[in-house]
Amino acid sequence: MKKLGPAIAALAVGGALIAAPLYAQDKGKDWNFGDGVTPERWSLVNGDYAMCDAGLAQSPIDLGSANARAHVEFDTAFGTANGVMAVSEEKVQVDFPRESNREMLGMMSGQTAFNLLQVHFHTPSEHAIDGKRYPLVAHFVHATDDGRLGVLGVMFAEGAANPELQKIVDGAAAGSGAAVALDLDPLVPDDLHVYRYMGSLTTPPCSEGVNWHVADRPLTASASQIAAMEAALGPSARSIQPTGNRLVTEPIR
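A quick note: this is a predicted structure, and the numbers were derived from the prediction, not measured. (Residues numbered from 1 in each chain as written. Predicted model: local features only at pLDDT ≥ 70, side-chain atom pairs only at ≥ 80, totals over all residues. Heavy atoms only, no water.)

A.B. asks: Got a minute to help me understand the pairing of strand β4 (residues 91-95) in this structure?
C.D. replies: Put simply, side chains in a regular strand alternate between the two faces of the sheet. Within β4, 4 of the 5 residues are buried, which leaves it mostly tucked inside the rest of the structure. As defined by bridge partners, strand β3 (residues 80-88) adjoins β4 across 5 bridges and the pair is classed as antiparallel. Opposite S88, over in β4, you have K91 as the bridge partner. The antiparallel hairpin formed by β3 and β4 contains 2 residues in its connecting segment, where E90 sits at a positive phi of about 60 degrees. Bridging between β4 and strand β6 (residues 112-122) involves 3 bridges; their strand directions are antiparallel. Its bridge partner being in β6, D95 is matched across the sheet by Q118. (Buried < 20%, exposed > 50% of the residue type's maximum accessible area, 1.4 Å probe, protein only. Helix = DSSP H or I, 4+ residues; strand = E, 2+ residues; numbered from the N terminus. Pairing = 2+ DSSP bridges.)

A.B. asks: Help me out: how do you make sense of the pairing of β6 in this one?
C.D. replies: Within β6, 10 of the 11 residues are buried, leaving the element largely enclosed by the surrounding structure. For strand β5 (residues 106-109) and β6, the ladder comprises 4 bridges, and the chain directions are antiparallel. In the sheet register, M107 faces β6, and the bridge partner there is F114. The hairpin turn running from β5 into β6, its antiparallel successor, is 2 residues long, and G110 in that turn takes a positive phi close to 60 degrees. Of the pairings in the sheet, the one linking β6 to strand β7 (residues 136-143) comprises 7 bridges and is antiparallel in character. Along β7, the bridge assignment pairs L116 with H142.

A.B. asks: Got a minute to help me understand the environment of F78 in this structure?
C.D. replies: As for its placement among the helices and strands, F78 is situated in the loop between β2 (74-77) and β3. In this structure the C-alpha to C-alpha distance between F78 and M107, which are 29 residues apart in sequence, comes to 7.8 Å.

A.B. asks: Quick question: what am I supposed to make of helix α4 (residues 223-233) here?
C.D. replies: Given 3.6 residues per turn, any residue in an α-helix points the same way as the ones three and four places further on. Among all positions in α4, only Q225, I226, M229 and L233 are buried. Each buried residue of α4 lies within a common arc of 95 degrees when the element is viewed along its axis, so the set occupies one face. In this structure, α4 carries S224 and A231 as exposed residues pointing more than 90 degrees from its buried face. In the stretch just after α4, G234 is the one whose phi turns positive, near 70 degrees. (Arc of directions from axis to C-beta.)

A.B. asks: Is there a simple way to think about the nonpolar core in this case?
C.D. replies: One broad rule of soluble globular proteins: the nonpolar side chains tend to lie buried together. Ranked by size, the top nonpolar core spans 38 residues in total, and within it F96, F121, F140, L152, F156 and L184 carry the most contacts. Sequence-distant contacts of F121, that is, excluding residues within four places in its chain, are made with V92, L136, V137, A138, L165, I168, M229 and L233. Core analysis: the second largest hydrophobic core is formed by 19 residues, I61, L63, Y134 and Y197 among them. (Core = buried A, V, L, I, M, F, W, Y, C linked by side-chain atoms within 4.5 Å. Contact = heavy atoms within 4.5 Å.)

A.B. asks: Looking at this structure, I do not really get the layout of surface pockets. What am I missing?
C.D. replies: By rolling a water-sized probe across the atoms, one finds the places where empty space is left. Each pocket or cavity is described by its volume, and for the largest pocket that value is around 220 Å³. Taken together, 16 residues line the largest pocket, and the ones lying closest to its centre are R41, C52, D53, Q241 and P242. Residue composition of the lining of the largest pocket, grouped by class: 7 nonpolar, 5 polar and 4 charged. (1 Å grid on protein atoms, 1.4 Å probe; cavity = no way out; pocket = protein on both sides within 12 Å on 5 of 7 lines; lining within 4 Å. Points joined across faces, edges and corners; volume = space filled by probe spheres on them. Nonpolar A, V, L, I, M, F, W, Y, C, P; charged D, E, K, R; others polar.)

A.B. asks: Explanation requested: the state of the cysteines in the structure shown.
C.D. replies: By definition, a disulfide links two cysteine residues through a covalent bond between their sulfur atoms. Per the counting criterion, the structure on display carries 1 disulfide. In this model C52 forms its disulfide with C206; the gap between the sulfur atoms is 2.0 Å. The chirality of the disulfide connecting C52 with C206 is right-handed, given an S-S dihedral of about 90 degrees. Residue C52 is found in helix α2 (residues 50-54), and its partner C206 is found in the loop between β10 (194-200) and β11 (208-215); the two are separated by 154 residues along the sequence. The pair formed by C52 and C206 is uniform in burial state, with each residue classed as buried. (Disulfide = S-S within 2.5 Å.)

If you want it as structure tokens, here you go:
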């Protein structure tokens, strides 16, 4: 397990984890992804999704719009984890119940510690870098004890197979409720540097105030792994949103 020091370790004591955030819920799902280019207009589907079209800090964005360079103090504490598959239309997700994991899982961004709740996937990647979208992305969804959301995005390019990703591919084929034991570290670049900005959930209700971190370099997945995820998810990337006047930092290596 990667070490973060005492701050994240302290999360193991005290406050309980909040419930998983509203991210591609199954029950009553009344929306779908489009072609990833045309604006989805989810607010026309349901008035509760007004933020999706009216919000000024929406995600994803093209990270090539970064307007600052900075060294973001960021690290993960992942290691081994016991997960449960959640699979449905446009959704491949692994939930990490706190009671099933002895070690605290999470990430540290600056002085803020986030607890890992789940990882889910999109095909293609939602964020772009200078107009380029990768064929697959993992979104590690976290929350602080007081409910602030933080996401780490890791993109995958076609190349060598990722053994831990294969476990998720197999779990998706088994369906919801299947148990999966993962070593999460191979799902994150060893030399981890991130873009950072404030954005939103990329699915309804598109809530803002999400602390986004996106690895600046992809991992690899085999062609067959990518094809399997595409078959399970279909086109599942939201259209690129305006950056506006937000601060977007690219990493200094």
